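# Structure at a glance
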Amino acid sequence: VEGLFAFSNGLSATIGRNSVFNCVYFTVMFKIKQVSPTPQDSKVKATVHSLVTGFVGGVMATMCNAPFDVAKSRIQAQCPNSKISMEYTSTIQALMKIGRTEGLTALYKGFQPKALRMGIGGAVAVTAFEAVCEIAHSL
């Protein structure tokens, strides 16, 4: 019986997490493509280049947004109707408290599976996007 406002628990941390992810993901991919343009001589090379670019972008973005994801999870896991006061009251407060009391490594709990999932997701997303763009251009 948390009410309608329970849907917004962790919203600022989610916005921070997603903003950081997207900024880093697209910047990294753009920079990789600037330094190493997509090969034009082979469809297979172009696809592998796209997959690697998306994977690296996804992992790098996850390295930067992981603390926000931990804060979001902690904020959302709290039970606001319990007799105990809320441990985390805002994103910044949660980041500071976790870092201070548990150490900076605690802000990266669950990093490995998350990085793998987001790396694979980033690889598939950019490769699918480029394939759709190529089909659209040929119409």
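Criteria and cut-off values
- Residues numbered from 1 in each chain as written.
- Predicted model: local features only at pLDDT ≥ 70, side-chain atom pairs only at ≥ 80, totals over all residues.
- Heavy atoms only, no water.
- Helix = DSSP H or I, 4+ residues; strand = E, 2+ residues; numbered from the N terminus.
- Rg over C-alpha atoms; globule rule 2.2 N^0.38 Å.
- Buried < 20%, exposed > 50% of the residue type's maximum accessible area, 1.4 Å probe, protein only.
- Areas by Shrake-Rupley, 256 points an atom, 1.4 Å probe, with all protein chains shown as cover.
- Lys, Arg positive; Asp, Glu negative; His and termini not counted.
- Salt bridge = Lys/Arg side-chain N within 4 Å of Asp/Glu carboxyl O.
- Disulfide = S-S within 2.5 Å.
- Core = buried A, V, L, I, M, F, W, Y, C linked by side-chain atoms within 4.5 Å.

### Side note on the overall build of the chain
Counting its secondary structure elements, the chain contains four helices and zero strands. If you list the helices and strands of the chain from N to C, you get α-α-α-α. On C-alpha atoms alone, the chain measures out to a radius of gyration of 19 Å, which is more than a quarter above the 14 Å that the 2.2 N^0.38 rule sets for 139 residues. When each of the 139 residues of the chain is scored for burial, the buried share is 31%. Accessible area of the chain: about 9,000 Å², with a carbon and sulfur share of 70%.

### A look at the side chain of Lys 72
Tracing the chain through its elements places Lys 72 in helix H2 (residues 43-77). Among buried charged residues, Lys 72 stands out as having no salt bridge; its nearest opposite-charge side chain is Asp 69, 4.2 Å away.

### Here's the deal with the state of the cysteines
Applying the stated rule across the entire model yields zero disulfides. Its sulfur unpaired, Cys 64 is 10 Å from the next cysteine sulfur, which belongs to Cys 23.

### Things to note about the nonpolar core
Counting residues in each nonpolar core, the largest one holds 10 residues, listed as Ala 13, Val 70, Ala 71, Ile 75, Tyr 88, Ala 94, Leu 95, Ile 98, Ala 106 and Leu 107. Within the residue set of this core, elements represented by two or more residues are H2 and helix H3 (91-102).

### Focus on the pattern of salt bridges
Pairing between side chains becomes possible if they bear opposite charge and their charged atoms approach one another. Inspection of every chain in the model, using the stated rule, returns eight salt bridges. A salt bridge links Lys 109 to Glu 102, with the shortest nitrogen-to-oxygen separation between them at 3.4 Å. By relative accessible area, which is 49% here, Lys 109 ends up partly exposed. With relative accessibility at 36%, the residue Glu 102 sits in the partly exposed group. Residues participating in the shared-partner salt-bridge network are Arg 17, Asp 69 and Lys 114.

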